[in-house]
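Now for the letters of each chain:
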Amino acid sequence: MTEVRDPASFKKYISPLKPIWCPGCGDYAVLTSLAKAFAELNLPTDSTAVITGIGCSSRLPGYLNTYGFNSIHGRAIPIATGLKVSRPDVNVIVAGGDGDMFAIGGGHMAHVVRRNVDMTLLVMDNNIYGLTKGQASPTTPLGTKTLTSAYGSISTPINTLRVMLGYNCSFIAQASSTDPVHMTKMIVEAIKHPGFSYVNLLSPCVTYRGKEQYQMIKEGSIYLEAGYDPSDGIAAWKLLNANDGKYPMGVIYKDTRPAYGTKVDELRNAATTGKEFKIEDEVKLFQP
Ligand code: SF4
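Rules and cut-offs
- Residues numbered from 1 in each chain as written.
- Predicted model: local features only at pLDDT ≥ 70, side-chain atom pairs only at ≥ 80, totals over all residues.
- Heavy atoms only, no water.
- Helix = DSSP H or I, 4+ residues; strand = E, 2+ residues; numbered from the N terminus.
- Buried < 20%, exposed > 50% of the residue type's maximum accessible area, 1.4 Å probe, protein only.
- Pairing = 2+ DSSP bridges.
- Salt bridge = Lys/Arg side-chain N within 4 Å of Asp/Glu carboxyl O.
- Arc of directions from axis to C-beta.
- Axes fitted to C-alpha atoms, helices over the stretch in contact; angles between N-to-C directions.
- Parallel < 35°, antiparallel > 145°, perpendicular 65-115°, else oblique.
- Contact = heavy atoms within 4.5 Å.
- Nonpolar A, V, L, I, M, F, W, Y, C, P; charged D, E, K, R; others polar.
- Domains from an automatic or database assignment.
- Buried area = accessible area lost by both parts, 1.4 Å probe.
- Polar contact = N/O pair within 3.5 Å; in protein donor to acceptor, adjacent residues only side chain to side chain.
- Expected span 1.5 Å × (residues − 1).
- Right-handed = clockwise from strand over helix to strand, strands pointing away.

Caption draft 1: A look at unusual backbone geometry. The residue Asn 127 is not glycine, and still its phi comes out positive at about 65 degrees. Within the secondary structure, Asn 127 sits in the loop between β4 (120-125) and β5 (128-129).

So, in structure tokens, the structure goes:
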């Protein structure tokens, strides 16, 4: 894959609306990287949709020239699922923050993974609720002082990569706003994946987590080497457990099970023709 060098090729995906994110917010890099990924894949603006919930990151659809829906808190996944199932020709991207997706919307995650709906989820993870002015989120590190944890957070944060691997998500990757070129590559890979893809984007909140978040991510990043095999689920599990305190960057896991839409088509065909409908058990991770 080559880096997109012609600014005009990605700028057509950016809307004239000026972002109102704080200066230095990591979400600016996500916006540009996403537009570059769209340009790399040459996605038509009229058959691409970005669906979000509520939060700073969820302003994303307004800043893009694609279709979009800044929906309701925690409910972007079911809305996007409905869109993809009814309009399989549309490229569907879901985006949101760590709180929106793993607290309020957390219950939807297991089911979109089970179905393997062919869409991409981008979680702009800054370990805090930014829009509502700095409350502890599901990924806030232990001991962090926030608006709701004046003496330091006493709740163990969740590792969303492990959560998604445990659910058997068919594509898991991580990137960060400290490296937008790598972020574009990961988004491209995720969109190309025929099934549900999850990319955790470490996107600093300079206002409520401080500029040090950039430094922390840079120092903790470990890029996966060329020899790493993302189809090996056990290796992925070991990686996510071995690197506590570190951030593995790259495609961590992927498999090739059929996407939900394919199964729906086969099921519909069987129901209308009377042909046998076979369900293959292709998922090997954690199964005997
Ligand atoms: Fe970004 Fe944080 Fe400002 Fe929200 S509050 S725009 S996440 S820096």
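Caption draft 2: Structural view of the pairing of strand β8 (residues 197-202). The element β8 is extensively covered by neighbouring structure, given that six of its six residues are classed as buried. In this structure, β4 lies alongside β8, joined through six bridges in parallel fashion. When the sheet's bridge partners are listed, Thr 120 is paired in β8 with Ser 197. The sheet contact formed by strand β7 (residues 171-176) and β8 spans five bridges and is parallel. Opposite Ile 172, over in β8, you have Tyr 198 as the bridge partner.

Caption draft 3: Examining the pattern of salt bridges more closely. Counted according to the given criterion, the structure contains four salt bridges. Ionic pairing is found between Arg 257 and Asp 255, a salt bridge with its closest N-O pair at 2.6 Å. On the accessibility criterion, Arg 257 (9% relative accessible area) is buried. Residue class for Asp 255 comes out buried when judged on its relative accessible area of 14%.

Caption draft 4: Looking closely at helix α8 (residues 212-220). Considered for burial, the residues of α8 that qualify are Gln 213, Ile 217 and Gly 220. Down the axis of α8, the buried set is contained in an arc of 75 degrees. They therefore lie on one face. In α8, the exposed residues that point more than 90 degrees away from the buried face are Glu 212, Lys 218 and Glu 219.

Caption draft 5: View of the packing of helix α3 (residues 76-86) against helix α5 (residues 106-115). Between α3 and α5, the shortest axis-to-axis distance is 9 Å and the interhelical angle comes to 30 degrees. Classified by the angle between their axes, α3 and α5 sit roughly parallel to one another. Note on element contacts: α5 touches α3 through His 108, Met 109 and Val 112, opposite Ile 77, Pro 78 and Thr 81. Here the residues of the contact of α3 with α5 sort into four nonpolar, two polar and no charged.

Caption draft 6: Region of the structure containing the domain arrangement of the protein chain. We note that the domain assignment places domain 1 (7-257) and domain 2 (258-288) within the protein chain. One C-alpha centre belongs to domain 1, the other to domain 2; they are set 29 Å apart. Facing the 16 residues of domain 1 at the interface are seven residues of domain 2. Summing both partners gives a buried area of about 970 Å² for domain 1 against domain 2, and 70% of it is carried by carbon and sulfur. Between the two partners, domain 1 and domain 2, sit zero salt bridges. Counting every contact that joins domain 1 to domain 2 gives three residue pairs in polar contact (both at pLDDT 80 or more). Contributions of two or more residues to the side of domain 1 that touches domain 2 are made by α6 (160-166) and α9 (233-242). Of the residues contributing to the side of domain 1 that touches domain 2, the split by class is seven nonpolar, six polar and three charged.

Caption draft 7: Quick peek at helix α10 (residues 260-273). For α10, spanning 14 residues, the distance from its first C-alpha to its last is 20 Å, which sits close to the expected 20 Å at 1.5 Å a residue. Of the residues flanking the end of α10, it is Gly 274, one or two places downstream, whose phi is positive at about 80 degrees.

Caption draft 8: Examining the pairing of β7 more closely. For β7, the buried fraction is high: six of the six residues fall into the buried class. Burial of β7 is two-sided: the residues Phe 171, Ala 173 and Ala 175 facing one way and the residues Ile 172, Gln 174 and Ser 176 facing the other way are all buried. In this structure, β7 lies alongside strand β10 (residues 247-254), joined through four bridges in antiparallel fashion. What sits directly across from Gln 174, in β10, is Gly 250. Each parallel crossover has a hand, and the one from β7 via helix α7 (residues 180-192) to β8 is right-handed.

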